[in-house]
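Summary of structural features
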Amino acid sequence: MVTLYALYLNCADTLSEHGIENARFEARELTRFAFGYSLEEFLREKQRIVEETALDNLVCRRVQGEPLAHIIGEWDFYGLTLTVTPDVLVPRSDTEVLVDTALKLPGTRFLDLCTGSGCVGIALAHERSELFGVLLDNSEAALEIAWKNVKQHRLESQLSAVLGDVCHAPEKELGKFDFIVSNPPYITLQEMQELDVSVGFFEPTAALYGGVDGFTFYDAILNRWLETLNPGGAIAFECGYRQARDLAERMQGVGLSNIEIIADTAGIERVVLGFRN
Ligand code: GLN
């Protein structure tokens, strides 16, 4: 038998020995999860005597590459805790710059294409009560998670979830939007083979793979979905670390103007913004 705190420290050491960065944060999350504690309860119960083996199973799953978010079933994005399952991409902090960019756009009605967990649209609606959005995805399982997250944050009156495929023309009933946000699958065939186990093996391929050159979904959206934008409306995409310039050119090629490339907090060109005339 050991104290909860000793168990947590032990867990952090094991994770760190297996090359996991942020080992203390991950150990804390695993310990909290194993005992069903909030952060506050974890801190309060540090001296509680517990079984030495209480975390073995979770630690084993984690060191084999399963993402922490899948194990604990939730992940934080833009200050909101969201439910996450293997059916959706784990929200990345890289994507927060897409939210920052969209928050500066005029208008109130937006479309979030390839919404996945719903993280982008949900963060927008949560930040601004005057925004109304449609979250669209081609995966029913993903939409279920997105809607669960909408409800969890009581945003049902601002958001709706619609099953749809960006590779097909939009349904007329969707109406018009002031701006579109999208973090579509954009990983190239080459990059798919180089992904970390925790991404490539555990996260949904459908949410990652963007076709051989990574541009399949950008091209589909640019060719079919701009007609849903009101005149003067904007579109903001997240893209991969080597795609911004190429994407900006494609956006210019379909007649978008005032194209802007915006870097994430790591200095990587992460978002490309353009406007319909
Ligand atoms: N940013 C994700 C990654 O690095 C990919 C997200 C996407 O394809 N939209 O794995």
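Residues numbered from 1 in each chain as written. Predicted model: local features only at pLDDT ≥ 70, side-chain atom pairs only at ≥ 80, totals over all residues. Heavy atoms only, no water.

What to know about the overall build of the protein
Let me state the cut-off plainly: Each helix corresponds to a stretch of at least 4 residues labelled H or I by DSSP, and each strand to a stretch of at least 2 residues labelled E; elements are numbered beginning at the N terminus. Taken over C-alpha atoms, the radius of gyration is set against a globule rule of 2.2 Å times the number of residues to the power 0.38. Buried residues are those whose accessible area, probed at 1.4 Å on protein chains only, stays under 20% of the maximum for their type, while exposed residues exceed 50% and partly exposed ones sit between those limits. For the accessible areas, the method is Shrake-Rupley and the probe is 1.4 Å, while residue cover comes only from the protein chains on display.
Looking only at helices and strands, the protein has 13 helices and eleven strands in total. For 277 residues, the compact-globule estimate of 2.2 N^0.38 gives 19 Å, and the C-alpha radius of gyration of the protein, at 20 Å, lies within 12% of that figure. Considering only C-alpha atoms, the protein reaches an extent of 65 × 40 × 30 Å along its principal axes. In the protein, buried positions account for 49% of the 277 residues. About 13300 Å² of surface is accessible on the protein, with carbon and sulfur atoms providing 48% of the total.

A word on the side chain of T188
The condition is simple: Note on definitions: a residue-residue contact is assigned when non-hydrogen atoms from the two residues lie within 4.5 Å.
Considering the arrangement of structural elements, one finds T188 in the loop between strand 8 (177-182) and helix 9 (189-192). Once residues within four sequence positions are removed from consideration, T188 is found in contact with Y209, G211, V212, D213 and G214.

Here we look at the pattern of salt bridges
Where we set the bar: For this analysis, a salt bridge means a side-chain nitrogen from Lys or Arg found within 4 Å of a carboxyl oxygen belonging to Asp or Glu.
Overall, the coordinates contain 13 salt bridges when judged by the stated rule. Among the ionic pairs, D219 bridges to R250, the shortest N-O distance being 2.7 Å. With D219 in helix 12 (residues 216-224) and R250 in helix 13 (residues 244-253), this residue pair connects regions lying 31 residues apart in the sequence. Assessed through its relative accessible area of 23%, R250 is described here as partly exposed.

Brief notes about the packing of helix 6 (residues 96-103) against helix 7 (residues 119-127)
Stated formally: Axes here mean lines fitted to C-alpha atoms, for a helix over just the part in contact, with angles spanning 0 to 180 degrees between N-to-C directions. Each angle is binned into one of four classes, with values under 35 degrees roughly parallel, values over 145 roughly antiparallel, values of 65 to 115 roughly perpendicular, and all other values oblique. Here a crossing is called left-handed whenever its near helix is offset anticlockwise from the far helix by less than a right angle, and right-handed whenever the offset is clockwise. Classes in brief: Ala, Val, Leu, Ile, Met, Phe, Trp, Tyr, Cys and Pro nonpolar; Asp, Glu, Lys and Arg charged; the others, Gly included, polar.
Interaxial distance between helix 6 and helix 7 falls to 10 Å at its minimum, and their mutual angle equals 45°. As judged from the angle between their axes, helix 6 and helix 7 are oblique. Seen from above, helix 6 lies across helix 7 with right-handed handedness. Here L98, V99, A102 and L103 of helix 6 come into contact with helix 7, specifically with V120, A123, L124 and E127. Broken down by class, the residue content of the contact of helix 6 with helix 7 amounts to seven nonpolar, no polar and one charged.

Thoughts on the site of the ligand
This is how the line gets drawn: For each residue, the test is whether any non-hydrogen atom lies within 4 Å of the molecule or strand; if one does, the residue is near. The term polar contact refers here to a pair of N or O atoms within 3.5 Å; inside protein, the definition further demands a hydrogen-donor-capable atom paired with an acceptor-capable atom, and it admits residues adjacent in sequence only when both atoms are side-chain atoms. Within this scheme a cavity is a closed region of a 1 Å grid, computed over the protein atoms alone, that accommodates a 1.4 Å probe without allowing it to escape, whereas a pocket is open but has protein on both sides within 12 Å along at least five of seven lines; lining residues each have an atom within 4 Å of a point. Occupancy of a cavity or pocket is assigned to a molecule whenever over half of its atoms lie within 2 Å of that pocket's grid points.
If you check the shell around the ligand, you find L89, R92, N183, P184, P185, Y186, I187, V199, A207, L208 and E238 and nothing else. Taking Y186, its side chain carries an N or O atom lying 2.9 Å from a nitrogen atom of the ligand. Look at the ligand: alone it shows 300 Å² of surface, and the protein chains cover 87% of it. The site holding the ligand turns out to be the largest pocket. Looking at the shell around the ligand residue by residue, the class counts come to eight nonpolar, one polar and two charged.

Shape descriptors only; they carry no functional weight alone.
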